[in-house]
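Structure assessment
The residues making up each chain are set out below.
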Amino acid sequence: MRARLTTLSMVGPALVLFVVMLVVPVCLSVYLSLTDWNGYSANPVVVGLRNYLDLTKSEEAIRAGWVTLVIAAVGTVLLSVLGLGFALLVNGASRLNALFRVILFYPHVLSALVVGFLWSAVLGTSGVVNGWLTTRGAEVLPFLSNPHWALASLIGVLVWAGFGVNVVLYLAGLQTVSKDLLESARIDGASARQTFRNVTLPALAPVVTVNLVLSLVTLLKTYDLVVSLTGGGPAGSTQTAAYLILWDSFHNNALGFGSAQSVVLMIVTAGLALTVARLRSRADQGVKG
Amino acid sequence: MSAIRMPRVATVQFKPLRTKGAGRIAFLIVTSVLMLVPMYLLVVSAFKSQQDILAHPFSLSPDQLTTQYLEKAWTNPDFNILKGYAVTALFVVSVNVLSVALAGPVSYVIARRSERRYRMLLLLFVAGTFIPSQVLVIPVVYTLKFLGLMGTIPGFVLFETTLTLPFSIFLYAGYIMTIPASLDEAAAVDGAGKHRTFWSIVFPLMKPAVVTMVILNTFSVWNDFVNPQIILGPGSGLYTVTTGVYAAVSQYSTDYTVVFPTLLLAVAPLLVVFVLLQRHVISGLTAGATKG
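Because the structure is a prediction, the values reported are computed rather than measured.

**As for the nonpolar core**
Soluble globular proteins: nonpolar side chains tend toward being buried together. Counting 166 residues, the largest nonpolar core has A:Phe105, B:Met206, B:Val245 and B:Phe260 as its most contacted members. Leaving out residues up to four positions away in the same chain, B:Phe260 has contacts with A:Leu118, A:Ala121, A:Val128, B:Leu41, B:Leu42, B:Ser45, B:Ala46 and B:Ile53. Ranked by size, the runner-up nonpolar core spans 5 residues in total, among them A:Leu55, A:Ala64, A:Leu244 and A:Phe257.

**A few points about the UniProt feature "domain: ABC transmembrane type-1" (unreviewed entry) in chain B**
Residues annotated in UniProt with the feature "domain: ABC transmembrane type-1" (unreviewed entry) correspond here to residues 85-277 of chain B. End C-alpha atoms of residues 85-277 of chain B are separated by 19 Å, and the span's content is 80% helix alongside 0% strand.

**What about the side chain of B:Thr31?**
Relative to the helices and strands, B:Thr31 resides in helix H2 (residues 21-45). For B:Thr31, a relative accessible area of 9% translates into the label buried. Setting aside its immediate chain neighbours within four residues, B:Thr31 contacts A:Phe86 and A:Leu104.

**Focus on the interface of chain A and chain B**
With 93 residues of chain A in contact, the opposing surface of chain B contributes 94 residues. It is A:Met10, A:Met21 and A:Leu89 that lose the most area in chain A upon contact with chain B, and together they represent 9% of the buried surface on that side. On the surface where chain A and chain B come into contact, there are 0 salt bridges. Counting across the interface, chain A meets chain B through 10 residue pairs in polar contact (both at pLDDT 80 or more).

**Examining the UniProt feature "transmembrane region" (unreviewed entry) in chain B**
Residues and elements named next belong to chain B. UniProt's feature table lists "transmembrane region" (unreviewed entry) at residues 21-43, 85-110, 122-144, 156-177, 198-219 and 258-277, given in the numbering used throughout. Secondary structure content for residues 21-43 is 100% helix and 0% strand, and the end C-alpha separation is 32 Å. End C-alpha atoms of residues 122-144 are separated by 25 Å, and the span's content is 78% helix alongside 0% strand.

**Looking at helix H13 (residues 241-249) of chain B**
Most of H13(B) is tucked away: 7 of the 9 residues are buried. Where the residues of H13(B) are buried, they touch helix H5 (112-123) of chain A together with helix H5 (81-112), helix H11 (207-223), helix H12 (226-232) and helix H14 (256-276) of chain B.

**Some details on the domain arrangement of chain B**
Residues and elements named next belong to chain B. Domain annotation of chain B identifies domain 1 (18-66) and domain 2 (81-291). One C-alpha centre belongs to domain 1, the other to domain 2, and the line joining them spans 33 Å. Each partner contributes residues to the interface: domain 1 has 12 residues there, and domain 2 has 10 residues. Summed over both partners, the interface of domain 1 with domain 2 comes to about 780 Å²; 82% of that surface belongs to carbon and sulfur atoms. Interface area lost by domain 1 to domain 2 is led by Leu-42, Ala-46 and Gln-50, which between them contribute 57%. Summed over the shared surface of domain 1 and domain 2, the number is 0 salt bridges.

Here is what the cut-offs are and how they apply
Residues numbered from 1 in each chain as written. Chains lettered and ligands numbered in written order. Predicted model: local features only at pLDDT ≥ 70, side-chain atom pairs only at ≥ 80, totals over all residues. Heavy atoms only, no water. Core = buried A, V, L, I, M, F, W, Y, C linked by side-chain atoms within 4.5 Å. Buried < 20%, exposed > 50% of the residue type's maximum accessible area, 1.4 Å probe, protein only. Contact = heavy atoms within 4.5 Å. UniProt positions renumbered as here; feature names shortened; annotations may be inferred. Helix = DSSP H or I, 4+ residues; strand = E, 2+ residues; numbered from the N terminus. Buried area = accessible area lost by both parts, 1.4 Å probe. Salt bridge = Lys/Arg side-chain N within 4 Å of Asp/Glu carboxyl O. Polar contact = N/O pair within 3.5 Å; in protein donor to acceptor, adjacent residues only side chain to side chain. Domains from an automatic or database assignment.

Here you go:
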């Protein structure tokens, strides 16, 4: 009995907080998504799946969904490739490598909000780059004012600010590669490429999975940078799902509709993350088998 | 997926590593310059007039430089930056302490017990990683209102702590499994209780994982924008560094004599700490991640 109480006292506080602040709110989202609540009326009216039906017809929500998926897909590939590539380049123990690691990582220390304001001051129509171009008689470049450029700029800034984290994760993974195996591969006369493919990469497999899942989950909730870099524009072309959800819920007072989008985003996030993890674990077994 | 992509990485990135050391260094220097240019612009523009920022963004001639805009940002009536630092630092410390105090013991139980329900418990916590906090905050507003904690510091700290739990518990539980259980059994023989055993025997040994989490949580709490903006709101009069920057900058986003000095003041403390402790930060992140 005492042992039980002790266990309970160790598990209880964290579990209670987790349930109150995460499990209950998620359930609340699901419930609200089935109502027409506007955020302040006394009694939300249950409307069934109407919000979800509206969602399939809302051009704005569908576009935000695609924008989010493009950011997540392109961003995840770039973050993983750059992360692994640069981790291999700065893996040595020299002082210069330590310096490079710091330089690649430092944007992560800045908040996404600040990064967005900073880059919008650099890339905006009247920003630093365009101001410099104008004084030299050149054409202004539409980094943030053309829908396609704006999305590309957004992804570029996300990658600039984020790939240092992937570098650090891959560096951690590289430390787990067996020194003995690398040594024997060298003695057996394996080329750098053969060693990489047959020794380093298989050992990195779990880190690759962690990188892909973390990048994907992080990018799917892109919000702060949209607020400060593009404000969702031009003409809504960089509105992400999270941006639209918060907008609909608090500015449009469409809490039911916003919640329906939230539920879809949560399901898509969990679904994609689990799919990637499963595909990766199957690939790992393929390598071993 | 990886089978298609990874070998390409190998051919592009791995060759120069071995064949051309100078090429690798040159490539890294070019990349470093690209990484640092925005920071350089941020720092020098904080000391320049609007006209000079646009006409000569990169120049650094002493007669252009002035501290007047920085002083103006420091005394901005819309955003008391010193108070912003203090409030944000208070949040960082509270969340870190509370996070370790809550996640530590539960991770210990999960790591040391083999029953099915503890594995389910771990899965429940880890599933929290997939819930986007930007979206979660909407229903949390109503939960906090119900509890009477909306717009309060405890409400914000509790929610922010909750967001740290999934990854902390995942990392700590994984780390504790690498610590031999014989150590705590020896402590149990000596009559130490579970709490005592955890805090005095196991906890000191999981320092690398705790350091990793403290670093990550410090960044995420200091830099968080949407949660303090919504939970604390403009009505509470409590500004963190990010919500203060938003209040000070968003209306004047093309007046760069406001934008750059404010942004510089906002990033300076954490950036200085990072530069001073950089080796510990990067190795701290790697150390925790390797075992966990």
